[in-house]
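The residues making up each chain are set out below.
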Protein chains: 2
Amino acid sequence: MSTDSITLNAPLDMHLHLRQGKMLERVAAASAAHFAGAVIMPNLVPPVDSLDALLRYKDEVLAAIGASTFIPYMTLFFRDYSEAELQAAKPHIIGIKLYPAGVTTNSEAGTRSIDDAKPTFARMEALGIPLLVHGETSGFVLDREREFVGIYDELAREFPKLKIIMEHITTADAVAFLDTHPNVFATITVHHLLITLDDVAGGLLQPHLFCKPIAKRPEDRRALLDAALNAHPKVMFGSDSAPHPRHAKEACGCAAGVFSAPMALACLTELFDYYDALDNLQAFISGNAQRIYKLTPVAKHVTLNRQPWTVPTYLDEVTDSIDAVRLFKAADVLSWQVSSLH
Amino acid sequence: MSTDSITLNAPLDMHLHLRQGKMLERVAAASAAHFAGAVIMPNLVPPVDSLDALLRYKDEVLAAIGASTFIPYMTLFFRDYSEAELQAAKPHIIGIKLYPAGVTTNSEAGTRSIDDAKPTFARMEALGIPLLVHGETSGFVLDREREFVGIYDELAREFPKLKIIMEHITTADAVAFLDTHPNVFATITVHHLLITLDDVAGGLLQPHLFCKPIAKRPEDRRALLDAALNAHPKVMFGSDSAPHPRHAKEACGCAAGVFSAPMALACLTELFDYYDALDNLQAFISGNAQRIYKLTPVAKHVTLNRQPWTVPTYLDEVTDSIDAVRLFKAADVLSWQVSSLH
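Let me sum up the structure you'll find in this document. Everything numeric in this text was worked out from a predicted model, so none of it was measured.

Here is what the cut-offs are and how they apply
- Residues numbered from 1 in each chain as written.
- Chains lettered and ligands numbered in written order.
- Predicted model: local features only at pLDDT ≥ 70, side-chain atom pairs only at ≥ 80, totals over all residues.
- Heavy atoms only, no water.
- Axes fitted to C-alpha atoms, helices over the stretch in contact; angles between N-to-C directions.
- Helix = DSSP H or I, 4+ residues; strand = E, 2+ residues; numbered from the N terminus.
- Parallel < 35°, antiparallel > 145°, perpendicular 65-115°, else oblique.
- Left-handed = near helix turned anticlockwise from the far one by under 90°.
- Contact = heavy atoms within 4.5 Å.
- Least-squares fit on C-alpha atoms with pLDDT ≥ 70 in both.
- Buried < 20%, exposed > 50% of the residue type's maximum accessible area, 1.4 Å probe, protein only.
- Pairing = 2+ DSSP bridges.
- Right-handed = clockwise from strand over helix to strand, strands pointing away.
- Buried area = accessible area lost by both parts, 1.4 Å probe.
- Salt bridge = Lys/Arg side-chain N within 4 Å of Asp/Glu carboxyl O.
- Polar contact = N/O pair within 3.5 Å; in protein donor to acceptor, adjacent residues only side chain to side chain.
- Nonpolar A, V, L, I, M, F, W, Y, C, P; charged D, E, K, R; others polar.
- Expected span 1.5 Å × (residues − 1).
- Bend = angle between axes of the 7 residues up to and from the residue.
- Disulfide = S-S within 2.5 Å.
- Core = buried A, V, L, I, M, F, W, Y, C linked by side-chain atoms within 4.5 Å.

1. Some thoughts on the packing of helix H1 (residues 21–34) of chain A against helix H2 (residues 51–65) of chain A
Residues and elements named next belong to chain A.
- The geometry of H1 relative to H2 is characterised by a closest axis approach of 8 Å and an angle of 60 degrees between their N-to-C directions. The angle between H1 and H2 falls in the class oblique. Between H1 and H2 the crossing geometry is right-handed. Contacts between H1 and H2 involve Gly 21, Leu 24, Glu 25, Ala 28 and Ala 32 on the former and, on the latter, Tyr 57, Glu 60, Val 61, Ala 64 and Ile 65.

This is the structure we're talking about:
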């Protein structure tokens, strides 16, 4: 049965980069318009690695969101935290995000030794604070996530009560690993459901599709699609939407990140509709996250209609500036669009 | 025994893009300075696919080379050629270059059906005209060369006297295939001996290292290195040096090509020295090509000394223009440099 309208209850983006300052002010509205809340990444410069910094950043985020109904679920940047620090932070955070040093944008301050981090993992486990992980080793670019699965395995065994979120998974290996431990979960982006390395580098090289982890093989994409479309109970949507200005993307040395916040819901609806899986979209976009994180989001209903629209090329329609932010799916026609919020 | 100087006899670049017009005038000197000759690619717009066009292009190339001792070995762009056309062209060409349609820069006019091309292959075989091939399918970007090996196999069996050159090979599969048929040979670039996909996309995305075929895995690079350093008798150096202006590389949609002509010899000497294989450099850089193609190049000796120098960032030291051409190894210090020509 074909439907021409779907209403999503409290869509959540469980992995979002909102940046700071002027960029935050430019991009916050796109997420706040379509989502009831999002998990806000802490990889600023300097990283958000104290409660003071987190509360300051949260105020900045809330100011940028304005009157929208949207909850920013804050995260701390992983470092060694004392029990007192964790206890003080706990009411203000949804989890702590671990970046291995150097694997992505602003991760230079990240973790250099998993073994050294274990005492903090033990304290997080005891306090019930989830661990969100950018799971890539420093190996060959296509093998990094697969190699990191061994580390996930070690952590999941050693800290069986620690909730571990494999962020933005991109490989069939990570999907398969989901079912090996009860305390392992994952987020999946919309772009990794739609593109492979072929889209990035198969024709002309596309810097605006370059992200970390890099898009992988067709069989990896199929495994991700399978998990998402079936709303595998351990996967959640997390856009990893990550805006960069053109001068950082169309450059000799292009920054990693795809800016997908404005069309993520429309893309997902089109995709789930295409595969006749719209019944599972609510779980992927919100239900699973509510159960996994024990969240009760604010009331917010987002209706999408089957009605073609053209994705703008740039944020704010700014086209000629080196500061312009190019959108994922720029100038593409999508068959679903967000029509109302209530 | 360490040596501080090496003299190469008639270095040959068996795969070179010299372009046309102003770009040809800008880049010709770099190849003409260090090489005794080069195989000139015909993928212009429109392609060089008639004897008239070839002779006109050769005149343009010779004018750009000026007084340098340098032989441009011309190639035709593959299409169906009659026996009369092939006989007329034969004295003027070293071979015919086949591009599957759409696989690289200016290949839109390329071959769509290998079966339809077979009558021309048969005529080339009878006349002793080599077939140079950009061997990639239209499959997933990392699989294209491996998938094309099946086509090489078919052609090598069906046309056992046709000399088939697998151009710019990038995979361990292609290296392994070299030994399966006596009529199959290969060129290898300097950049594929030095980089993997990690260098292109492992950190920031590097558009100036983006080329077709794309750089592959570490084990592929090791197989290429092994073939080159041992001067496998069926491999030849071919730079595939392919200049593009910055506006075509640092862009939303970056053209494929690495510009390596100016430092190729220095890079190769450094590499062969590093692996204690300088004794094999002459065969890789000239001897194998002379034997495979039955060439007698012009007398030209190029001496390199162990003396550090810094590779310029841009051709002609032009730095601020969107027309600037960025060099491979830009701003890197190499330990060998070309010191004299005679």
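2. Description of the relation of the copies chain A and chain B
- Turning chain A through 180 degrees and shifting it by 0.0 Å along the axis lays it on chain B, with an RMSD of 0.0 Å. When the rotation and shift are considered jointly, the pair of chain copies conforms to a two-fold rotation axis. Minimal C-alpha distance to the rotation axis in chain A is attained by Glu250(A), lying at 2.5 Å.
- Mapped onto chain B, 100% of the interface residues of chain A are again interface residues, and the two copies thus contact each other with one and the same surface.

3. Side note on the pairing of strand S5 (residues 95–98) of chain A
All names here are of chain A.
- Side chains Gly 95 and Lys 97 project from S5 onto one buried face, and the interleaved Ile 96 and Leu 98 project onto a second face that is buried too.
- For strand S4 (residues 71–77) and S5, the ladder comprises 3 bridges, and the chain directions are parallel. Paired with Leu 76 across the bridge in S5 is Ile 96.
- In the classification by handedness, the crossover that spans S4, the intervening helix H3 (residues 83–89) and the parallel S5 is right-handed.
- Where S5 lies against strand S6 (residues 131–133), 3 bridges are found, and the strand directions are parallel. For Leu 98, the partnering residue across the bridge sits in S6 and is Val 133.

4. Remarks on the interface of chain A and chain B
- With 30 residues of chain A at the interface, the matching set in chain B holds 30 residues.
- Both faces considered, chain A and chain B share a buried interface measuring about 2500 Å² in area, 63% of it formed by carbon and sulfur atoms.
- In terms of surface lost to chain B, no three residues of chain A exceed Phe140(A), Leu205(A) and Cys252(A), which account for 26% of the buried area on that side.
- Taken together, the connections running from chain A to chain B amount to 4 salt bridges.
- Arg217(A) serves as the salt-bridge partner of Asp143(B), at 2.5 Å between the closest nitrogen and oxygen.
- Viewed at the interface, chain B and chain A are joined by 16 residue pairs in polar contact (both at pLDDT 80 or more).
- For the side of chain A that touches chain B, the leading source of residues is helix H8 (residues 197–201) of chain A, giving 3 residues.
- The class makeup of the residues in the side of chain A that touches chain B is 15 nonpolar, 7 polar and 8 charged.

5. Notes on the side chain of Asp240(A)
- Relative to the helices and strands, Asp240(A) resides in the loop between strand S9 (235–237) and helix H10 (246–249).
- If we ignore the near neighbours within four places in the chain, the residues touching Asp240(A) are Asp13(A), His15(A), His17(A), His168(A), Thr189(A), His191(A), Lys212(A) and Val258(A).

6. Topic: helix H12 (residues 281–293) of chain B
Residues and elements named next belong to chain B.
- Compared with the 18 Å implied by 1.5 Å per residue over 13 residues, the 18 Å span of H12 between its first and last C-alpha is a close match.
- Largest kink in H12: about 45 degrees, centred on Gly 287.
- Among the residues making up H12, those that are buried are Leu 281, Phe 284, Ile 285, Ser 286, Asn 288, Ala 289, Ile 292 and Tyr 293.

7. A short note on the environment of Ser339(B)
All names here are of chain B.
- Tracing the backbone shows Ser 339 in strand S11 (residues 333–341).
- Residue classification places Ser 339 among the partly exposed positions, given a relative accessible area of 37%.
- A sequence separation of 103 residues divides Ser 339 from Met 236, and the C-alpha atoms of the two residues are 23 Å apart.
- Leave out the neighbours within four places in its chain, and Ser 339 touches Thr 303, Leu 304 and Asn 305.
- Here Asn 305 takes part through its side chain, which lies 3.3 Å from a polar atom of the side chain of Ser 339.

8. Observations concerning the pattern of salt bridges
Residue and element names in this part refer to chain A.
- Inspection of every chain in the model, using the stated rule, returns 32 salt bridges over all chains.
- A salt bridge links Lys 118 to Asp 115; its shortest N-O distance comes to 3.1 Å. Pair noted here: Lys 118 and Asp 115 are both in helix H4 (residues 114–127), with a separation of 3 residues, about one helical turn.
- Owing to a relative accessible area of 13%, Lys 118 belongs among the buried residues under this scheme.

9. Thoughts on the side chain of Arg144(A)
- Summarising the element assignment, Arg144(A) is placed in helix H5 (residues 144–158).
- Polar side-chain contacts of Arg144(A) include one of 2.7 Å to the backbone oxygen of Gly139(A).
- In contact with Arg144(A), not counting residues within four places along its chain, are Gly135(A), Glu136(A), Thr137(A), Ser138(A), Gly139(A), Lys212(A), Asp198(B) and Gly202(B).

10. Observations regarding the state of the cysteines
- Here the structure, examined in full by the defined rule, presents 0 disulfides over all chains.
- The structure places no disulfide on Cys252(A), whose sulfur is separated from the nearest cysteine sulfur, that of Cys254(B), by 10 Å.
- Of all cysteine sulfurs in the structure, the one in Cys254(A) sits closest to Cys254(B), which takes part in no disulfide; the separation is 9.8 Å.

11. Here we look at the nonpolar core
- Counting 214 residues, the largest nonpolar core has Phe121(A) and Phe121(B) as the members making the most contacts within it.
- For Phe121(A), the residues in contact, after removing those within four places along its chain, are Phe78(A), Leu98(A), Ile114(A), Leu131(A), Leu155(A), Phe159(A) and Leu162(A).

12. Looking at the pairing of strand S8 (residues 184–188) of chain B
Residues and elements named next belong to chain B.
- Most of S8 sits inside the fold, with 5 of its 5 residues counted as buried.
- Side chains Val 184, Ala 186 and Ile 188 project from S8 onto one buried face, and the interleaved Phe 185 and Thr 187 project onto a second face that is buried too.
- The sheet contact formed by strand S7 (residues 164–166) and S8 spans 3 bridges and is parallel. Its bridge partner lying in S8, Ile 164 is registered against Val 184.
- In this view, the connection linking S7 to its parallel neighbour S8 by way of helix H6 (residues 172–177) has right-handed handedness.

13. Considering the packing of helix H11 (residues 264–274) of chain A against helix H12 (residues 281–293) of chain A
Residues and elements named next belong to chain A.
- H12 packs onto H11 with a crossing angle of 140 degrees between their chain directions and a minimal axis gap of 9 Å. By the angle between their axes, H11 is oblique relative to H12. On H12, the residues touching Leu 265, Leu 268, Thr 269 and Phe 272 of H11 are Leu 281, Phe 284 and Ile 285.
- Residues that form the contact of H11 with H12 fall into these classes: 6 nonpolar, 1 polar and no charged.

14. Remarks on the sheet that holds strand S10 (residues 301–310) of chain A
All names here are of chain A.
- One open sheet holds the 3 strands; their spatial order is S1-S10-S11, and the pairing between them is antiparallel. A strand with exactly one partner marks an edge of an open sheet, and here the two such strands are strand S1 (5–9) and strand S11 (333–341). The mean inter-strand angle of the sheet, taken between neighbouring strand axes irrespective of direction, is 40 degrees.
- Both S10 and S11 contribute to a ladder of 7 bridges, which runs antiparallel. The residue of S11 that forms the bridge with Val 302 is Leu 341.

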